[in-house]
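# Observations on chain architecture
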Amino acid sequence: MDWQLVDLGRDFTAGIKPPESFDESFHIVISDDEVLTIDGAHPWRPLNQDEWRWLGLDQVASHYLGSISNVPLFANEVDQDADNPDGYEFSTLWSFLNQVDQQVFYLVGRARQIVEWHRNHHYCGQCGQETSSFEADRSRKCESCNLMFYPRLSPSIIVCVNKGEEILLARNAHASGNFYSTIAGFVEPGESIEETVHREVFEEVGIKVHKLKYFGSQSWPFPNSLMFGFHAEYDSGELTLQKEEIADAQWFHYTDLPNRPAMVSISGWLINDFIKRAELNQIQTRK
Ligand SMILES: [Zn+2]
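Residues numbered from 1 in each chain as written. Predicted model: local features only at pLDDT ≥ 70, side-chain atom pairs only at ≥ 80, totals over all residues.

## Overview of the overall build of the chain
Scanning the chain for helices and strands turns up 5 helices and 16 strands. Its C-alpha atoms give the chain principal-axis dimensions of about 65 × 45 × 30 Å. Looking at the chain as a whole, 26% of its 287 residues qualify as buried. Counting only contacts in the chain whose residues sit at least 6 apart along the sequence, the fraction spanning at least 24 positions is 64%. (Helix = DSSP H or I, 4+ residues; strand = E, 2+ residues; numbered from the N terminus. Buried ≥ 20, exposed ≤ 12 C-beta atoms within 10 Å, placed from the backbone. Contact = placed C-beta atoms within 7 Å.)

## What to know about the nonpolar core
In terms of nonpolar packing, the biggest core is built from 25 residues, with V159 and V161 touching the most fellow members. Those elements giving two or more residues to this core turn out to be β11 (154-163), β12 (166-172), β13 (183-186), α4 (193-205), β15 (225-236), β16 (246-253) and α5 (266-286). Here this core takes 5 residues from β11, the largest share from any one element. Setting aside residues up to four positions removed in sequence, V159 forms contacts with T182, I183, V197, V201, F230 and A232. If you look at the next biggest cluster of nonpolar residues, it comprises 23 residues, including F26, I30, W44 and V78. (Core = buried A, V, L, I, M, F, W, Y, C linked by C-beta atoms within 7 Å.)

## Some thoughts on α4
Look at α4: 18 Å from first C-alpha to last across 13 residues, which is about the 18 Å you get at 1.5 Å a residue. Those residues of α4 lying buried are T196, V197, E200, V201, E204 and V205. One face of α4 carries all of its buried residues, which in axial projection span an arc of 120°. Buried residues along α4 sit against β11, β12, β13, β14 (208-220), β15 and β16. Downstream of α4 by a residue or two, G206 has a phi angle that is positive, lying close to 75°. (Expected span 1.5 Å × (residues − 1). Arc of directions from axis to C-beta.)

## Let's talk about the environment of H118
Mapped onto the secondary structure, H118 falls in helix α3 (residues 102-119). A C-alpha to C-alpha distance of 11 Å links H118 and K141, two positions 23 residues apart in sequence. Excluding residues that lie within four positions of it along the chain, H118 makes contacts with A61 and H63.

## A short note on the sheet that holds strand β10 (residues 148-149)
An order of β8-β9-β10 is seen for the 3 strands of this open sheet, with the pairing classed as antiparallel. The strands lining the two open edges of the sheet, one partner per strand, are β8 (131-134) and β10. Summarising the sheet, strand β9 (residues 139-142) and β10 pair through 2 bridges and their orientation is antiparallel. Bridge pairing in β10 places R140 opposite F149. (Pairing = 2+ DSSP bridges.)

## Things to note about unusual backbone geometry
For the bond running from H42 to P43, omega is -5°, close enough to zero to count as cis. The topology assignment puts P43 in the loop between β3 (34-38) and β4 (47-48). Look at the link from F222 to P223: it is a cis peptide, with omega at 0°. Note on placement: P223 falls in the loop between β14 and β15. The backbone of N70 sits at a positive phi, close to 70°, despite the residue not being glycine. One non-glycine residue with positive phi stands out, namely N146, at about 70°. In this fold, N146 is placed in the loop between β9 and β10.

## Considerations on the domain arrangement of the chain
The domain boundaries assigned to the chain delineate domain 1 (3-119) and domain 2 (154-286). Here the residues of the side of domain 1 that touches domain 2 sort into 3 nonpolar, 3 polar and 2 charged. (Domains from an automatic or database assignment. Nonpolar A, V, L, I, M, F, W, Y, C, P; charged D, E, K, R; others polar.)

## A closer look at the pairing of β9
Burial along β9 is one-sided: R140 and C142 are buried, while S139 and K141, pointing the other way, are not. Counting the residues in the hairpin turn of β8 and β9 gives 4 residues. Joining the antiparallel neighbours β9 and β10 is a turn of 5 residues, in which N146 adopts a positive phi near 70°.

Written out as structure tokens, the structure reads:
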């Protein structure tokens with residue numbers, strides 16, 4: 001199976017139980033938080049069966065992720081302190097952003113998140129006994145107290161607030177670099193996603209919004225977010241910044257925006273979507 005011909009959107013089928021026998025396979029090799037890349041292979045591709053066998057790294061755990069055109073795909077966890085094998089290099093997930101297409105990024109992010117979940121749930125958080133893999137789905141079970149552990153996802157919201165032709169962008173107090181982004185935050189237990197939007201905007205910048213419009217979602221594996229993107233319109237209030245979180249927040253006209261997130265993130269998509277619609281409005285108003 002030639003990786004060059006793979007279209008993940010079409011060819012990847014997620015799964016939990018590997019086939020009993022197979023002649024070919026793909027392998028995403030993970031050590032700690034890093035993913036193995038083959039020197040000189042651009043764009044990135046997983047290892048094939050022979051490459052994985054010849055690599056000679058000790059495997060800690062293997063996770064079946066599904067199949068690509070019927071070729072099984074595995075995430076193989078190796079020692080956290082493994083050195084770079086000859087001809088290979090371990091790279092961070094961050095370095096994949098902008099380097100591979102979105103579908104490949106999500107696939108590698110999926111592998112890394114499953115490996116991390118498995119590594120962090122060898123023991124039960126309630127009674128401390130060892131857990132075991134549960135066959136029926138992707139989970140681990142404590143046989144002693146029956147507690148189940150599933151891969152963890154952290155839902156969060158990201159919202160592009162507008163006031164006429166202006167967008168609200170904020171500079172995070174903890175982020176490095178001088179760039180502005182849309183407001184974001186984690187969903188709290190008991191909240192709906194929409195309630196999170198209202199609460200986060202009010203907490204971080206002190207204003208009320210309305211007319212929420214769902215935009216789309218993005219898996220953001222740093223370490224395990226699932227971002228729900230919204231547009232919202234300004235309703236009332238003055239900008240009042242939550243100093244611990246927000247270094248600065250301002251209304252920016254869509255034609256005069258500061259440094260902002262790259263187009264690989266949903267924040268970038270939201271801002272771009274707003275700009276496109278504002279430009280379209282301009283054209284229609286002039287007619
Ligand atoms: Zn237990």
